[in-house]
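Residue strings, one per chain:
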Amino acid sequence: MTCTVFFQSQGANIYNSASDFTGGNACYLYKGTVSASRKQNDLADKELVLAPHKGFIPSKIWLACRIRCLNNRQSTKTCKPKNSWLVGKVKCGKCGYALTIRKSKSKWGRYFVCSQTGSNCTGAGCTIYADVLEDYMLGAIREKLSEFQKLSCITDAEKGQENLTKKIRLTHIEEEIEELLSKMSEAGSALMKYIDEKVSELDAEKKALQEEIIAEAVTDTDGKLKQITNHVKAWETLSFKDRQSVVDTLIKVIRIADGNIEITWNI
Ligand SMILES: [Zn+2]
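This report concerns the structure included in the present document. (Residues numbered from 1 in each chain as written. Predicted model: local features only at pLDDT ≥ 70, side-chain atom pairs only at ≥ 80, totals over all residues.)

Here's the deal with the overall build of the chain
Logical step 1: What the chain contains, in helices and strands, is 7 helices and 9 strands.
Logical step 2: For the chain, the residues scored as buried account for 15% of the 267 residues in total.
Logical step 3: Summarising the internal contacts of the chain: among those between residues at least 6 apart in sequence, 57% fall at separations of at least 24. (Helix = DSSP H or I, 4+ residues; strand = E, 2+ residues; numbered from the N terminus. Buried ≥ 20, exposed ≤ 12 C-beta atoms within 10 Å, placed from the backbone. Contact = placed C-beta atoms within 7 Å.)

Things to note about the sheet that holds strand β9 (residues 260-265)
Logical step 1: The 3 strands lie next to each other as β4-β8-β9, forming an open sheet whose pairing is mixed. Among the strands making up the open sheet, the edge pair consists of β4 (90-92) and β9. Across the sheet, the mean angle from the axis of one strand to that of its neighbour is 25 degrees, orientation sign disregarded.
Logical step 2: As judged from the 3 bridges shared by β4 and strand β8 (residues 251-257), these two strands associate in the parallel manner. When the bridges of β8 are listed, V90 appears paired with I254. (Pairing = 2+ DSSP bridges. Axes fitted to C-alpha atoms, helices over the stretch in contact; angles between N-to-C directions.)

Focus on the pairing of strand β5 (residues 99-103)
Logical step 1: Across 5 bridges, β5 lies against strand β6 (residues 110-114) in antiparallel orientation. Paired with T100 across the strands is V113, a residue of β6.

Notes on the nonpolar core
Logical step 1: By size, the foremost hydrophobic cluster in this structure holds 20 residues, and its most contacted members are L86, L99 and I256.
Logical step 2: Among the elements of the structure, β4, β6, α3 (130-151), α7 (240-250) and β8 are those that each provide at least two residues to this core.
Logical step 3: The element that contributes the greatest number of residues to this core is α3, accounting for 4 residues.
Logical step 4: Other than its neighbours up to four places away in sequence, L86 contacts L133, E134, M137 and V247. (Core = buried A, V, L, I, M, F, W, Y, C linked by C-beta atoms within 7 Å.)

Considering the pairing of β9
Logical step 1: Buried residues are scarce in β9, accounting for 0 of its 6 residues.
Logical step 2: Where β8 lies against β9, 6 bridges are found, and the strand directions are antiparallel. Residue pairing in the sheet places R255 in a bridge with E262 of β9.
Logical step 3: Taking the residues that link successive antiparallel strands as the turn, the β8-β9 hairpin has 2 residues, and the phi of D258 there is positive, at about 45 degrees.

Here's what the structure looks like:
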């Protein structure tokens, strides 16, 4: 059942009714006729049909893997240790494209530049030395983790309550959407426009909530954070790969423009 919520939250069209999902069967995912994208990560308008046979991978494991893939950086394959463990996470705040590493023979060594410089972008507006940014990010990560440890005193009961509140809100949203849609048939054009906007607004909130609920159900946040905190304490001894995976777990994206650094966290 959680799997269907996941596919819904990613915008896939599900052909079976909710009651068909009894929790044991596999699924087929098709590109379908509406989807504009061949990308495997983009599930919008892909078509999901329940398979007649039992599934091989338990849904909890499948989801945990899928969510991990969604959070992965884009350019892992091309990223070598001599670059930076931040490559793939840092974007130009002006054009949104990736910042890539260049090397100079000066004492500053590596620095980041917008990959679109010279074509579609005038650059991030400042020189971004990799050493300086890495130091800054390590500091920011340490600060975030200590902040989080204070917060993690929240008891399980409180977490359960929070989860319940989300689920109740989700039900309310679904009811609201249904009610709005039922008014469609007799609505004039002004009202139609209002309903349309309101429904997409509610739909966006619904998707965000579904994603949160799934992420909570499949990830052991406390255990993971303990592991990461230990990793960060031993930062100097960590391998390049482990540093990357710490960054992947904690950070969605870092945008830089004109000396401003904006970090979007996963936690
Ligand atoms: Zn740029």
